[in-house]
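# An overview of the molecular structure
Chain by chain, the residues:
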Amino acid sequence: MTVLPDDGLSLAAEFPDATHEQWHRLVEGVLRKSGKDVSGTAAEEALSTTLEDGLTTRPLYTARDAAPDAGFPGFAPFIRGSVPEGTAPGGWDVRQRYASADPARTNEAVLTDLENGVTSLWLTLGSAGLPVTGLERALDGVYLDLVPVALDAGSESVPAARELLRLYEAAGVADDAVRGTLGVDPLGHEARTGEKSASFDAVAELARLCGERYPGLRALTVDALPYHEAGASAAQELGASLATGVAYLRALYEKGLDVEKAFAQLEFRFAATADQFLTIAKLRAARRLWARVAEVSGVPGAGAQRQHAVTSPVMMTRRDPWVNMLRTTVACLGAGVGGADAVTVLPFDHELGLPDAFARRIARNTSTILLEESHLARVIDPAGGSWYVERLTDELAHVAWDFFKEIERADGQAGALRSGLVGDRIAATWAERKKKLARRREPITGVSEFPLLTERPVEREPAPAAPSGGLPRVRRDEAYEELRGRSDAHLEATGARPKVFIAALGPAAAHTARATFAANLFMAGGVEPVHDPVSVDAETAAEAFAASGATVACLCSSDALYTEQADAVARALKSAGALRVFLAGRGEFAGIDEYVFAGCDAVAVLTSTLDRMGVA
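These remarks concern the structure in this document. Here the structure is a predicted model, which means the values were calculated and not measured. (Residues numbered from 1 in each chain as written. Predicted model: local features only at pLDDT ≥ 70, side-chain atom pairs only at ≥ 80, totals over all residues. Heavy atoms only, no water.)

## Considering the nonpolar core
Leu-125, Leu-139, Leu-220, Tyr-227, Leu-252, Leu-266 and Trp-290 are the most contacted members of the largest nonpolar core, which has 112 residues in total. For this core, the element with the highest residue contribution is helix 9 (residues 234-254), accounting for eleven residues. Excluding residues within four positions of it along the chain, Leu-139 makes contact with Asn-107, Leu-121, Leu-123, Leu-144, Leu-164 and Leu-167. Grouped together as the second largest cluster of nonpolar side chains are 52 residues, Val-552, Val-569, Ala-570 and Phe-589 included. (Core = buried A, V, L, I, M, F, W, Y, C linked by side-chain atoms within 4.5 Å. Buried < 20%, exposed > 50% of the residue type's maximum accessible area, 1.4 Å probe, protein only. Helix = DSSP H or I, 4+ residues; strand = E, 2+ residues; numbered from the N terminus. Contact = heavy atoms within 4.5 Å.)

Structure (structure tokens):
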């Protein structure tokens, strides 16, 4: 029997240390096989990924990628979270959102969800949700001393806050048992609607009341969702939220609140996306930035930012909404690992209207599985120490701080909103992202990639209209949704979708890859591909096209067969009435009107195709 030495087993003891240069040489060999003759750092750069905000993620991070010391959990700069080192982490607060205008329906949903894993409530009130007068009915039967409540009432924030405080008092809830946030956010409301807040006096009075009487209740929410939903990058979202938080600190201080008490009155809300590492870094960077504000304000111990993460509405799709369950799972994972105090998983049918009971169940169980089955909360700051995450956190914090300073130079968040600076910067970011979406460089599964035209639409009761008039609301799927809407209207009017004939040349081995590519591209615009027969040539193409019911065609095969047959097959298709002949691939082949390939502007191709087909 072999006995291990007393000092244990070093698994890497028999292997020599690998160097960065050795890794470079291996990468060079792989790239050379793919036709890229680069070496050294250029080889590494060839595998790097460019993100928004001028950030770049590299394929390899090592101890050389230093980042500032993240400190300890529970202590400034709070990068690693607000849980003091040595205490048992309890996981995040599972916060469900409710936006129905019906108090009875809201109450039924609230009681069901609280019995099945939800730990706090996020209520949308006012014109976009529940009437303020319906708050009492909606919370009937809820133990307000046990369940934190977060309000989101827009222009009716102050009346809604006073109504909730009245309910606490009527229920006899002890002052120190009141928890949650009143959700007052004048600048967030202005960002959404363009409406300026008349006075901060009532807001300051609520903050003073919370600070003096309700230690577990916060008066204000710094909501970054209006900027995220307008198309902001992660750094822009952080910079705008930081400027908003500073504006509220100044206003509260001017109204007589102590600086430390002013810090205690703010909760921040951020979007969590399916880019899990960027979400993790964003939440960690947000805490670092807010800790810096507290430090320069002379109260470093007050800089533990309270965070509420919400799965991104921008990433949610209306087509194939079931895929949203996967997106929100990854986003929830990122939010939890990133250290969010409360997490809201939006139901998969969020973009379709009011969620049903099944959608709410899946949403709350997403957190439950990550907490109870994946044990995600058993480790404090599980991403801490990762060279990639620490470096990304640091770089993102610097870019966000630069945007924050730009806003401050423009007379703060209010001035930057009213001058158009914030809107213009975000619009420029979204314009660049739209190009990636159009070219499918940023794929949307079920929409721009692998769409299903025969999918039965999921129908939901419409939700109350969201406030508008300020920054726009964008969605990743919006361009493709418009195309699919045109196709749907055509189907309803004629009984058939617009069609494209897939003219595959040669054996399956030669055409399958490009035929699949072309079919997916056209289906993204609601154009039905007809691939029958499996293969055609110059003799059979015209008859097959005429039988397909299509008005355009796309050749799919290898470059060698294109050289031999493309011209003759294209002429045959046009003689049969094809309005336009596409070819899947690149090059210059006689008889071809347009080329579709990986990285082409799919939205432009599909828009012009529907126009030529006469699809209104």
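## Points about the environment of Thr-454
Within the element layout of this structure, Thr-454 appears in the loop between helix 16 (421-438) and helix 17 (478-494). In this structure the C-alpha to C-alpha distance between Thr-454 and Glu-528, which are 74 residues apart in sequence, comes to 9.7 Å.

## Description of the environment of Arg-318
With respect to the helices, strands and loops of the structure, Arg-318 is situated in the loop between strand 9 (307-311) and helix 12 (324-338). Residue Arg-318 is classed as partly exposed on the basis of its relative accessible area, which comes to 27%. C-alpha of Arg-318 to C-alpha of Ala-359: the two residues are 41 residues apart in sequence and 14 Å apart in space. Not counting residues up to four positions away in its chain, the partners in contact with Arg-318 are Glu-351, Leu-352, Arg-475, Asp-477, Glu-478 and Glu-481. Within the structure, Arg-318 has its side chain in polar contact with the side chain of Asp-477 (distance 2.6 Å). (Polar contact = N/O pair within 3.5 Å; in protein donor to acceptor, adjacent residues only side chain to side chain.)

## Things to note about the sheet that holds strand 9
Strand order in the closed barrel formed by eight strands is 3-4-5-6-7-8-9-10, with parallel pairing between adjacent strands. Between one strand and the next, the sheet's axes are offset by a mean angle of 25 degrees, whatever the strand orientation. Note: strand 7 (residues 217-223) against strand 8 (residues 266-272), four bridges, orientation parallel. From the neighbouring strand, Asp-223 faces strand 8, where its bridge partner is Arg-269. Sitting on the sheet, helix 7 (residues 201-213) touches strand 6 (180-184) and strand 7, and the angle it makes with strand 7 is about 135 degrees. (Pairing = 2+ DSSP bridges. Axes fitted to C-alpha atoms, helices over the stretch in contact; angles between N-to-C directions.)

## Some words on the sheet that holds strand 14 (residues 580-584)
The sheet built from five strands is open, its strands ordered 12-11-13-14-15 with parallel pairing. The sheet is open, and its two borders are formed by strand 12 (528-530) and strand 15 (594-596), each paired with just one other strand. Each adjacent strand pair in this sheet contributes to an overall mean axis angle of 30 degrees, direction not counted. Examined bridge by bridge, strand 11 (residues 499-504) and strand 13 (residues 552-556) share five bridges and lie parallel to one another. Note that in strand 13 the partner of Phe-501 across the bridge is Ala-553.

## Observations regarding the packing of helix 17 against helix 21 (residues 602-613)
One can describe the packing of helix 17 onto helix 21 by two numbers: an axis separation of 11 Å at closest approach and a directional angle of 20 degrees. The angle between the axes of helix 17 and helix 21 places the two elements in the roughly parallel class. Seen along the crossing, helix 17 lies across helix 21 with a hand that is left-handed. Contacts from Ala-479, Tyr-480, Leu-483 and Arg-486 in helix 17 reach Ala-602, Val-603, Leu-606, Thr-607, Leu-610 and Asp-611 in helix 21. The residue makeup of the contact of helix 17 with helix 21, split by class, is seven nonpolar, one polar and two charged. (Parallel < 35°, antiparallel > 145°, perpendicular 65-115°, else oblique. Left-handed = near helix turned anticlockwise from the far one by under 90°. Nonpolar A, V, L, I, M, F, W, Y, C, P; charged D, E, K, R; others polar.)

## Looking at the pattern of salt bridges
A side chain with one charge can pair with a side chain of the opposite charge if their charged atoms come near. In this structure the tally under the stated criterion is 48 salt bridges. Note that Arg-476 is salt-bridged to Glu-442, the shortest N-O span being 3.1 Å. With Arg-476 in the loop between helix 16 and helix 17 and Glu-442 in the loop between helix 16 and helix 17, this pair connects stretches of sequence that are 34 residues apart. Between Asp-567 and Arg-571 there is a salt bridge, and its shortest N-O distance comes to 3.5 Å. (Salt bridge = Lys/Arg side-chain N within 4 Å of Asp/Glu carboxyl O.)

## Remarks on the packing of helix 11 (residues 276-296) against helix 12
Relative orientation of the contacting elements helix 11 and helix 12 amounts to 30 degrees, with a least axis distance of 8 Å. Our pair here, helix 11 against helix 12, has a crossing hand that is right-handed. Seen from helix 11, the contacting residues are Gln-276, Thr-279, Ile-280, Leu-283, Arg-284 and Arg-287; seen from helix 12, they are Val-330, Ala-331, Leu-333, Gly-334, Ala-335, Val-337 and Gly-338. For the contact of helix 11 with helix 12, the per-class residue count stands at seven nonpolar, four polar and two charged.

## What about the packing of aromatic side chains?
What the rule picks out here adds up to twelve aromatic pairs. Aromatic pair Phe-348 and Phe-358: ring centres 6.0 Å apart, planes at 75 degrees, arrangement edge-to-face. Residue Phe-348 is located in the loop between strand 10 (342-344) and helix 13 (357-373), and its partner Phe-358 is located in helix 13; the two are separated by ten residues in the primary sequence. The exposure class of Phe-348 is buried, given its relative accessible area of 3%. Site record: aromatic cluster; members linked through ring pairs are Phe-263, Phe-268, Phe-270 and Trp-290. (Phe/Tyr/Trp six-rings, centres within 6.5 Å; stacked < 30°, edge-to-face > 60°.)

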